[in-house]
Structure formats: C-alpha cells, structure tokens
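What follows is each chain in one-letter form.
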Amino acid sequence: MTQRAATDLTVVLDREDPRPLPVQVAAGIREQIAGGTLAPGDTVPSTRFLATRLGVSRGTVVSAYDQLLGEGYLHAAQGRPTTVHPGLERIHPDPARTERERPDTGPPGDQLGGLPPDQRSQAAPPSAHGQLVDLRPGQPDSSRLAGAAWRSAWRHAASQPPSPPPDPLGLPPLREAIGEHLRLMRALPVAPSSLLVTAGAREGLTLLLAATARRNGRTQLRVGLEAPGHPGLRDVPPAHGHAVVPCTVDQDGLRVDLLPEGRDAPDVLIVSPSHQYPLGGSLTLQRRLELLEWAQRWDVLLVEDDFDSELRYVGAPLPTLSALDATGEQVALLGTFSTVLTPSLATGYVVLPGHLRTPVTGLRDTLGVPVAAVTQYALAHLLSSGYLRRHTQRMRTAYRRRREAVQDAFDGVRLARLAPMHGGVDAVILTELPEETVIERCAAAGLLVGRQSKYWSWGADQGPAPRGQGIVVGFAQAGDDDLVDLLPRLVGACTDEPLFDSSPAYSAE
C-alpha cells in the first residue's frame, strides 16, 4: 500500500492528556469515523506511515489499530491494507447520521420517491428480508458487456487521433454504422445524411420539438401522447412549454380512429408502435397505414419511439412507420442503445425526415454535440464489428427464458394476470388487489417494484388496464437462479396467497 492509497488522518495527540497514546490514537480515528471523514471501505494509513506522521513508535499505532479491529471499526485481511469496516453501519449504527442521510422517501410504498429510474442511484431501503431486491422496470442486464470485444472497442476509440470540429449530426463512422444496423436489424435502409447522433431519446425529442416549433413559427406546440404510455418521454414536451394531448390506446396500440382531427389535431404525435407500454401490444399493420394517412391529412409529425424493437419475442417485427412513409417527410424515428447495451452510454439516434434536417443541423451548430467523440468511436466499432448484433441475440435468448419463467409463475394465479409481453424486459402485472397493498406486500417480501399507475399520470383512466390496479417489474437483471427464489415471493405479494411460499415456480434447468 502507498501513502496515496490511504485517507489522510488528522489525529491530534495531547502529551498532557493522561490517557495513553494508543488510546488517544484510537479515539481520534473513532471521531473521524463518527464525523464522516472516514467512510466504510476507506483505506487507513499503514501503521509505519501513521507512526512517522504522528511522531510516535509504530507499536503505539499497532496497539490502537488492534483495539479498533477488536471493536469492529477497522477490518484487516491477509495481503490487503487495513480499511474502515465495510459493514460498520450494522456493527455501530449511528441513529443521528442515519436520520440525516435518509432520502426523501415520497409517498408510502414508493421507496425511492418520485425520481425517474435513471436518477435513482440510492441503495434500496432494507426490509424484513434485508436489502430489497431491485425489480424496478427499465433496467437491462449489463453484466455480460465487459468482455474482450467491449474492451477492444474502447481501446480503439482511445487510439483515434484528435478530430477536427465534430459534424453537428455526429461522427460519420458512427452514422454509417447505425445506418447499416438499421438495415440489418429493422429492414430500414437509411442514408447517413438522414441520421442524427443524440445523447439519448430525450435529447433527440427535444431537438425535434425545437426544430418543429421553429418551422411552424410558434413557441408552443400541441404534442399528442399515448394515454396510458411509457413515462420515458412524457415529461419532455411540458418541460419545454408545449401542451399535451392525451391519445387513447388499447391492447393493439394507438386508437387511430379516435385521434383528433382538423384544428384539434396535434402538431406532433409520439407513438410506440413496436411495444405499447404498459398494455404490451404492437400496432397492427392496418393501423400503421391508417396512422400515416391521418398524419399526412392533418400535417402531423409522427415521432416513432422504436422502444424495445430489438427485443421482440412474439411474431415477426412489423415494418417501421419510417419504412412505410413513402414521402420520407412524415416520420422521425427515435432509437437508443440503452436497453440492448446499457443506459450509461446515454447515446441514441434520430432518423430525420427531410424537412427537419436543416433546422436540426442549425440547432446543433448552436448548441454543440453532446456525445463525446470517444463514445461515438467506441459505439461505431461495436456496431461495425457485429458485436451489437451478436450481443442482442444472446440477450434476447436470455430475456426470452426469463420472460417465460414469469409467465409460468403467473399461469393460473388468482387475482393477478400479466399484460401481453410481446417484447422488452419488463412485465406489467394487473391485480385485483389495490396497487398500494401490492406495493407494500412486495416490500415485505423484499422486492422493490414499479407503480403501474405512473403510466396514467395525465389523461383519463381508460383502456383495459385499470389505473392503480397493478405493478410493473423488470426481469432482466434477475438471473435464472435468482428467479427460483424471487418469483414465488412476487406471486404471493400480488395475490392473497402466503407471502413466502417456498414452492418453486421455475426451474433454471
């Protein structure tokens, strides 16, 4: 261990203090732990270094460390530096510190408050089972990324020479690779000049709305949104001052026959034809064609959220709205690599309609490119090498197996049923018990889940899935062996069955 690897200590010794020096050293370290200067897992200085720093014998510091080891404040292992005990809060709980650091928990049952999933980094609170198992939706399994191909892509990106001022639409190698990806994975041939690299779907939608508002000569647009619908993009339009128009959906997707017309038609309509959330359906081909006709008639920009399109388990994927749009002017397709790779990449793309290329390019010239060149080069390498397609196929197989496990667990269960699960990594569980009751029972069973009612945050209660009667869970991060334990607890929490039924609902074999 080197000096720099350890936290610097400011222990003050008083030669007039009647207490022995080892006692003073130990007391000083305890005070720094209690005050938060030293946190669980921090490395403390070597006995030799600290003795030199304090001007005492090494034996004095060794005695102090031995005392703190015995009390559980420090932890030592063969061949490793001494650290503040990682389990300190269990051994020496500090009620005052716990109260200070406790996050705002929001309403009962919503253990992490009202933050969106990508901002909830706090550890889940403990329950009767100990630490809650995080089954909130929208979390892919990123554990298989860190292989040789992944590391090679980042080494390749780091070796690229400094580039001139970036193209406002994104690096050409990445746009070319995304175009090839869409041709192979979505049967959608796209020219690189029509592609925009974004810092995720929200940033892409923000640019589309700003460009459309500039084109229409208005600061406020009317933006149609599916109701109920996925919350990922829902808060973007009102955050920029646009008015929201709720649009009815059913288990086959958007109800085109109920869309407003004439002056009531929105300027922009955001639709998720591949996987409607939370009802689970896919927009039929007939409805897709009718939607395009409606959009052309009333001059509405369709923003196609290609949500979960790569992770489809039922039937062959239908053509994108972009592929069906013969004019090339009516649809902008939003895509992201968050679900198939990891949300931490924060990178996506937009297939731009012809009339928005110039205004979007102008906005990017003004605002700058938000995705680092290193990230763009690495992602281009992952795409062009075929890694992303191979990884997607592997994860689709794993997710399909976990999806079937969830379906088997709820087959024939009283008081609970699954919404259709045609794709994605989440399951919507509709219950006859009140949502609040199910949330509380899940927490008692050691499970942290999402609220189904969040998808009805605005608009009328409508559709076959009643508001406040269910939960949403993510099954991607739970391994096959984990599901053997988790699924009986989840089923028990959603029904009137005993919470901790240990009978296996799924076998990993």
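Residues numbered from 1 in each chain as written. Predicted model: local features only at pLDDT ≥ 70, side-chain atom pairs only at ≥ 80, totals over all residues. Heavy atoms only, no water.

An unreviewed UniProt entry lists the chain under the name PLP-dependent aminotransferase family protein, with Kocuria coralli as the source organism. Of the chain, the UniProt comment under Sequence similarities (unreviewed entry) reads exactly: "In the C-terminal section; belongs to the class-I pyridoxal-phosphate-dependent aminotransferase family." (UniProt positions renumbered as here; feature names shortened; annotations may be inferred.)

A. Layout of the overall build of the chain. A count of helical and extended segments in the chain gives 16 helices and 18 strands. Here the contacts in the chain between residues at least 6 apart in sequence split such that 70% fall between residues at least 24 apart. Element-wise, carbon and sulfur atoms account for 51% of the exposed surface of the chain, whose accessible area totals about 23100 Å². (Helix = DSSP H or I, 4+ residues; strand = E, 2+ residues; numbered from the N terminus. Contact = heavy atoms within 4.5 Å. Areas by Shrake-Rupley, 256 points an atom, 1.4 Å probe, with all protein chains shown as cover.)

B. Structural context of the packing of helix α7 (residues 172-186) against helix α14 (residues 387-410). The geometry of α7 relative to α14 is characterised by a closest axis approach of 11 Å and an angle of 40° between their N-to-C directions. One way to sum up the angle between α7 and α14 is to call them oblique. Crossing of α7 against α14: the hand is right-handed. Together, His-181, Leu-184 and Met-185 of α7 and Leu-388, Arg-389, Thr-392 and Arg-396 of α14 make up the contact between the two elements. When the residues that make up the contact of α7 with α14 are grouped by side-chain class, the tally is three nonpolar, two polar and two charged. (Axes fitted to C-alpha atoms, helices over the stretch in contact; angles between N-to-C directions. Parallel < 35°, antiparallel > 145°, perpendicular 65-115°, else oblique. Left-handed = near helix turned anticlockwise from the far one by under 90°. Nonpolar A, V, L, I, M, F, W, Y, C, P; charged D, E, K, R; others polar.)

C. Structural context of the pattern of salt bridges. According to the stated counting rule, one finds 16 salt bridges in the structure shown. Here the residues in one salt-bridge network are Asp-141, Arg-401, Arg-402 and Asp-480, joined through shared partners. (Salt bridge = Lys/Arg side-chain N within 4 Å of Asp/Glu carboxyl O.)

D. Highlighting the sheet that holds strand β7 (residues 222-227). Reading across the sheet, the eight strands line up as β6-β13-β12-β11-β10-β7-β8-β9 and stay open at both edges, with mixed pairing between neighbours. Single-partner strands in this sheet number two, and they are β6 (195-198) and β9 (253-254). Bridge count between strand β11 (residues 301-305) and strand β12 (residues 331-336): four bridges; the pairing is parallel. Of the residues in β12, the one forming a bridge with Leu-302 is Val-331. Packing against the sheet, helix α8 (residues 201-216) makes contact with β6, β7, β10 (268-271), β11, β12 and β13 (348-351), and its axis sits at approximately 160° to β12. (Pairing = 2+ DSSP bridges.)

E. Here's a closer look at the sheet that holds strand β18 (residues 470-474). With antiparallel pairing, the four strands of this open sheet are ordered in space as β14-β15-β18-β17. Each having just a single partner strand, β14 (416-418) and β17 (450-451) make up the two edges of the open sheet. In terms of strand pairing, strand β15 (residues 426-431) meets β18 through five bridges, oriented antiparallel. Each bridged residue has a counterpart across the sheet, and for Asp-426 the counterpart in β18 is Gly-474. Lying over the sheet, α14 contacts β14 and β15, oriented at roughly 150° with respect to β14.

F. Spatial organisation of the packing of aromatic side chains. Across all of its chains, the model carries two aromatic pairs by this definition. Their ring planes at 55° and their centres at 5.5 Å tell us that Phe-337 and Tyr-349 sit as a pair that is tilted. Here Phe-337, found in the loop between β12 and β13, pairs with Tyr-349, found in strand β13; they are 12 residues apart in sequence, far enough to count as distant. What makes Phe-337 buried here is its relative accessible area of 1%. (Phe/Tyr/Trp six-rings, centres within 6.5 Å; stacked < 30°, edge-to-face > 60°. Buried < 20%, exposed > 50% of the residue type's maximum accessible area, 1.4 Å probe, protein only.)

G. Here's a closer look at the nonpolar core. Membership of the largest hydrophobic core comes to 59 residues, with the highest contact counts inside it found for Ile-178, Leu-341, Phe-410, Ile-429, Ile-471 and Leu-490. Once residues within four sequence positions are removed from consideration, Ile-471 is found in contact with Ala-427, Val-428, Ile-429, Val-438, Ile-439, Cys-442, Val-449, Gly-450, Gln-452, Leu-490 and Cys-494. Leu-169, Leu-208, Leu-233 and Ala-332 belong to the second-largest nonpolar core, a separate cluster that totals 25 residues. (Core = buried A, V, L, I, M, F, W, Y, C linked by side-chain atoms within 4.5 Å.)

H. Summary view of α14. Between the first and last C-alpha of α14 there are 35 Å, a value that for 24 residues agrees with the 34 Å anticipated at 1.5 Å per step. Directly after α14, the chain includes Gly-412, whose backbone phi takes a positive value near 80°. (Expected span 1.5 Å × (residues − 1).)

I. Spotlight on the side chain of Thr-320. You can see Thr-320 is positioned in the loop between β11 and α11 (321-324). Separated by 2.9 Å, the side chain of Thr-320 and the backbone nitrogen of Ala-323 make a polar contact. Dropping the residues within four chain positions of it, Thr-320 is found in contact with Arg-186, Leu-188, Arg-288, Glu-304, Asp-306 and Leu-333. (Polar contact = N/O pair within 3.5 Å; in protein donor to acceptor, adjacent residues only side chain to side chain.)

J. Just the confidence of the model for the chain, in detail. Mean pLDDT over the chain works out to 81, with 84% of the residues at or above the 70 mark. Segment residues 95-129 is flagged for pLDDT under 50; beyond a separation of four residues in sequence, or across chains, it makes 55 contacts in the model. Contacts of residues 500-509 to residues separated by more than four positions or lying in other chains number 18 contacts, the stretch itself having pLDDT below 50. (pLDDT = per-residue confidence, 0-100.)

K. Quick look at the pairing of β13. Going residue by residue along β13, you find Gly-348 and Val-350 tucked away on one face and Tyr-349 and Val-351 tucked away on the opposite face as well. The pairing of β12 with β13 spans four bridges and is antiparallel. Bridged to Thr-336 within β13 is Gly-348.

L. Spotlight on unusual backbone geometry. Residue Ala-227 is joined to Pro-228 through a cis peptide bond whose omega torsion reads 5°. When you line up the elements, Pro-228 lands in the loop between β7 and α9 (236-239). One non-glycine residue, Asp-299, lies in the positive phi region at around 55°. Locating Asp-299 in the fold gives a position in the loop between α10 (285-298) and β11.

M. Main features of the side chain of Arg-136. Relative to the helices and strands, Arg-136 resides in the loop between β5 (133-134) and α6 (148-158). A polar contact is formed between the side chain of Arg-136 and the side chain of Asp-134, at a distance of 2.3 Å.

N. Structural view of helix α12 (residues 357-367). For α12, the set of buried residues is Pro-359, Val-360, Leu-363 and Arg-364. Buried residues of α12, viewed axially, fall in a sector of 140°; they line one side. Residues Thr-358, Asp-365 and Thr-366 are exposed on α12 and point more than 90 degrees away from its buried face. Note on α12: the residue one or two positions beyond its end, Gly-368, has a positive phi of about 90°. (Arc of directions from axis to C-beta.)

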